[in-house]
Structure formats: structure tokens, C-alpha cells
Amino acid sequence: MKKAASRAIAVILIVAGVAAGIFFANLSRKADPPAKATAGDGASMPESSAPEFEPTQPGDAAAPGPGPEGMAWIPGGEFSMGAVDPLGQDANVVGMQATEDSRPIHRVRVNGFWMDRTEVTNRQFAAFVKATGYVTVAERTPRAEDFPGVPPEDLVAGSVVFTPPDHAVPLDSHFRWWSYVHGASWRHPQGPESDLKGRDDFPVVHVAYDDAEAYAKWAGKRLPTEAEWEFAARGGKSGQVYPWGNEFLVDGKFMANTHQGHFPHEDTHADAHGGVARVASYPANGYGLFDVAGNVWEWTSDWYRPDYYARLARAGVASDPRGPDSSYDPAEPGVAKRVHRGGSFLCTEQYCSRYMVGTRGKGEPSTGTNHLGFRLVRDAG
């Protein structure tokens, strides 16, 4: 029994691409105060102090003709990038931890571009798969040569699924509520017994970085940079906690699909959704984009480094930054990660409050989950 359990853990850790907590290092652990972050060369990171945000200066370039179907014109411009100190329900240890790698606040200029109004849906991804025959990472059987030492019977295609316990648990290990599920994929988001019936307009999930890139190439688009994503998500606002303002509820109404109840075992569905929601279930932001907070995390093209913002700040106004040349995460040295943005339906002030617009997530590129998707951009020219 112990040997079988060890093999199962090996599959979760190795096949899912999650060595020692990689796939959700983006969730701040309430139980353990974080160590002071350092850059790859050992230099200390900036303290979590937030200078004043300066007003966003939108670009004056008009949209270059009619927009591509389902995309909104983002005018570009100059803005203050980074996370403001959380307010209200998020003004706690968890909320402050969520801002630590999003400092210092710095000025960034981006060019205008088109952006998908919603996350890519199952309907859209199915059209891509039908046209190309593409097989996602989660649907491929792991190869023995890539995972030496793992028994052949454990090399089974699958993905990582939120599997909440039926009782309260300490928030000290994400393995208490995440499992590697054989047969889970974009077609079967909860596992092999689930399907996409009635979910055509839900975000596609269990998408690895290469899957998103393949879809983007087919669609004639690309993944957004982190700077483009944040500029667009802010919708022309500056220094707000959320894409819609500083209050989590507006006139008593939820503005995003997040977690309510005691995390992880209780979901009260107070926002009328349990799990992933249909795209555009909440009001759009100032640029006409839906679900830039909550619902599912979204891939960006940037490599993750916690010291990257400090580098940009030293350069003055960063012009259309494309991310660092390499990745470094003090929590998982030697494991490359890409930046995630937006938070998900699992975000809560109890554990992860990264639905706040300036905050960042991170993920190993080959790992998909049932709360991770993407949206794309297209250059103006």
C-alpha cells in the first residue's frame, strides 16, 4: 500500500510537472509568512511599499479599421504597473503577500493592440482541434524517457483537478485539494466521466503553454505580454484594487467569479457559480473585456521573475516590455515558469487574493489545470 501511494505521489509530482509545489506556488500560503524574496544573484527584492500611482495616459491612436470578430481595441498608452495595497476584505496577510512580487510600481508604455473580449472558449478550441487534429499536452501519454524511474502503469495521460475535501483542512499544503486525475483534459475538465455538454461558451481549461501557443498560431494571434495584459485589464483606470474600482462588491453585487465560503471545502455559490462560469457572466471593464478578474487564470508570454519590476523601474518608463530573458523563482530554483494573470474561481481572501488587478501568478509551462485558460491579442498592423 505504501509503495502504491508513493507511486501515485510521484505521478502527481512528476508527470503533472509539479515538483515540490510548482503548479500553485502562485497561491500565497496563509499559514507561513513568506521569506524575503531575493533575485537570482542573491540581491534583496524591493520592500512591499506602494508609491502613488500616476494617471493612465491612453494612446490617441484610433482603431485601425473594423475589429477582428470577438476582439476589442486597446489603445495603448502609458500607465503605472504593479499592485496597490489591498483594501477591505483583502487588507490582510494574504492580500499583502499577493502584492510582494508586483512591486515596485513603475511606469510602462505599450502600443495599441487588439485583445479577445473573453477567454478562449471550448467552442473555439474545439474548432481548432477539428481543423488541425491537435492533441493537447494533457491528452498525451507521458513518455518513460521523460520520467525515468516512474513505473509504466503510472505513466497515464491526465491533468490536475481541484478536488476539495469534505471537511475543513489546514491551508498548509495544496495537495489537500489538488489531484492528478487520469483522463482529465480540456474535453473532460473534471475527469473522464465529465464532458463539455452545455459548456461550449465556458473557458477552455487544462491548457498548457504550448497548447495556447499552438492555438494562437492557428488563429493568427499571439499571447499577450504581461504589460499588455495589465494595461488592458485596468480598462483605463489607475491604482485601483480591482478592474472595476476599489470595492469588491458594487451595490451588493459580485463583479467576478471567485470563491465564497470556507476554503477549500465549502463553496456557498453566493456569486451564483460553482466552479468555472460561462464567459461574460459579469460586466465588462472599461475596454470591453470580460473576466479579467477571477474565473480562470490566463497565460501570458512573459517568463516569471520576482525581481523583474525592479529592473524595469531603474530604466524609467519601460517601452513595450516583453519580459525577462529567463525565469527565476526563489520558491522553485531551476524550474522555469511563465506568468499567469487574473486569478480564478478559487481565489479568496483566505488563501489567494490574486483577483486584484496588479497581482501576478506563475506556472510551469507544461502544467495545465481546471482553473487555467488563456486569451489572445493581435497587433495593430
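Residues numbered from 1 in each chain as written. Predicted model: local features only at pLDDT ≥ 70, side-chain atom pairs only at ≥ 80, totals over all residues. Heavy atoms only, no water.

## Some words on helix H4 (residues 209-219)
Among the residues of H4, Tyr 209, Asp 211, Ala 212, Tyr 215, Ala 216 and Ala 219 are the ones counted as buried. Mapping the buried residues of H4 onto a view down its axis gives an arc of 160 degrees, with all of them on the same face. Structural note: H4 exposes Asp 210 and Lys 217 on the side pointing more than 90 degrees away from its buried face. Where H4 is buried, its residues touch helix H3 (122-132), strand E10 (297-303), strand E12 (338-341) and strand E15 (377-379). Of the residues one or two after H4, Gly 220 is the one with positive phi, at around 70 degrees. (Buried < 20%, exposed > 50% of the residue type's maximum accessible area, 1.4 Å probe, protein only. Helix = DSSP H or I, 4+ residues; strand = E, 2+ residues; numbered from the N terminus. Arc of directions from axis to C-beta. Contact = heavy atoms within 4.5 Å.)

## Notes on the pairing of E10
Of all 7 residues in E10, 5 are buried, a share of seventy percent or more. Relative to strand E14 (residues 372-373), E10 runs parallel, the two sharing 2 bridges. When the sheet's bridge partners are listed, Trp 297 is paired in E14 with Leu 372. With 3 bridges joining them, E10 and E12 adopt antiparallel strand pairing. Looking at the pairing, Glu 298 lines up with Arg 341 of E12. (Pairing = 2+ DSSP bridges.)

## Describing H3
Of the residues making up H3, those classed as buried are Asn 122, Phe 125, Phe 128 and Val 129. Burial along H3 is one-sided: seen end-on, the buried residues are contained in an arc of 120 degrees. Turned more than 90 degrees from where H3 packs its buried face, Lys 130 and Ala 131 sit exposed. Of the residues trailing H3, Gly 133 is marked for its positive phi of about 75 degrees.

## Concerning the pairing of strand E2 (residues 71-74)
Because side chains alternate across E2, one face comprises the buried residues Met 71 and Trp 73, and the other comprises Ala 72 and Ile 74, equally buried. Note that E2 and strand E5 (residues 113-116) share 4 bridges and pair antiparallel. Considered in E5, the bridge of Ala 72 is made with Met 115.

## Some details on the sheet that holds E2
Within the open sheet, the 3 strands sit side by side as E2-E5-E15. Their pairing is antiparallel. What marks the edges here is a single partner per strand, and that holds for E2 and E15. Within the sheet, the average angular offset between the axes of one strand and its neighbour, ignoring direction, is 25 degrees. On top of the sheet, helix H5 (residues 226-234) reaches E2, E5 and E15; it is set at about 75 degrees to E5, its chief contact. (Axes fitted to C-alpha atoms, helices over the stretch in contact; angles between N-to-C directions.)

## Quick look at unusual backbone geometry
Cis geometry is found at the peptide bond from Arg 103 to Pro 104, where omega equals 0 degrees. Structurally, Pro 104 is set in the loop between helix H2 (93-97) and strand E4 (106-110). Following Phe 263, the chain continues to Pro 264 via a peptide bond in cis, the omega torsion being 0 degrees. Mapped onto the elements, Pro 264 comes out in the loop between strand E9 (253-254) and E10.

## Details of the sheet that holds E14
As summarised here, the arrangement of the 4 strands in space is E13-E12-E10-E14, forming an open sheet in which the pairing is mixed. Taken across any chain shown, the strands that pair with only one partner, and hence form the sheet edges, are strand E13 (361-363) and E14.

## Focus on the pattern of salt bridges
By the definition in use, this model includes 24 salt bridges. Across the pair Arg 107 and Glu 54 runs a salt bridge, and its minimum N-O distance is 3.8 Å. Here Glu 54 lies in the loop between helix H1 (2-15) and strand E1 (57-58) and Arg 107 lies in strand E4, a separation of 53 residues in the sequence. On the accessibility criterion, Arg 107 (9% relative accessible area) is buried. The closest approach of N and O atoms between Arg 322 and Glu 228, which form a salt bridge, is 3.9 Å. Here Arg 322, found in the loop between strand E11 (318-319) and E12, pairs with Glu 228, found in helix H5; they are 94 residues apart in sequence, far enough to count as distant. Classification of Arg 322 as partly exposed rests on a relative accessible area of 45%. Taking the relative accessible area as the measure of exposure, Glu 228 reaches 2% and is therefore buried. When salt bridges with common partners are traced through the structure, they connect Arg 222, Glu 228, Asp 320, Arg 322 and Asp 379 into a single cluster. (Salt bridge = Lys/Arg side-chain N within 4 Å of Asp/Glu carboxyl O.)

## Concerning the packing of H3 against H4
Where H3 contacts H4, the axes come no closer than 11 Å and their chain directions differ by 75 degrees. What the angle tells us is that H3 and H4 run roughly perpendicular. Taking contact as the criterion, the partners of Gln 124, Phe 125, Ala 127, Phe 128, Ala 131 and Thr 132 in H3 are, on H4, Asp 211, Ala 214, Tyr 215 and Trp 218. Broken down by class, the residue content of the contact of H3 with H4 amounts to 7 nonpolar, 2 polar and 1 charged. (Parallel < 35°, antiparallel > 145°, perpendicular 65-115°, else oblique. Nonpolar A, V, L, I, M, F, W, Y, C, P; charged D, E, K, R; others polar.)

## Some words on the confidence of the model for the protein
With 83% of its residues at a pLDDT of 70 or more, the protein shows a mean pLDDT of 86. Scored below 50 in pLDDT, residues 1-50 shows 107 contacts in the model against residues more than four places distant or in partner chains. (pLDDT = per-residue confidence, 0-100.)

## Considering the environment of Arg 322
The sequence separation of Arg 322 and Pro 224 amounts to 98 residues, and the corresponding C-alpha distance is 9.2 Å. In contact with Arg 322, other than residues within four places in its own chain, are Arg 222, Thr 225, Glu 228, Asp 302 and Tyr 308. Among the polar contacts made by the side chain of Arg 322, one reaches the side chain of Asp 320 at a distance of 3.0 Å. (Polar contact = N/O pair within 3.5 Å; in protein donor to acceptor, adjacent residues only side chain to side chain.)

## Notes on the environment of Ala 293
Residue placement: Ala 293 occurs in the loop between E9 and E10. Placed 48 residues apart in sequence, Ala 293 and Arg 341 show a C-alpha to C-alpha distance of 8.4 Å. Setting aside its immediate chain neighbours within four residues, Ala 293 contacts Pro 243, Trp 244, Ala 256, Asn 257, Gly 342 and Tyr 355.

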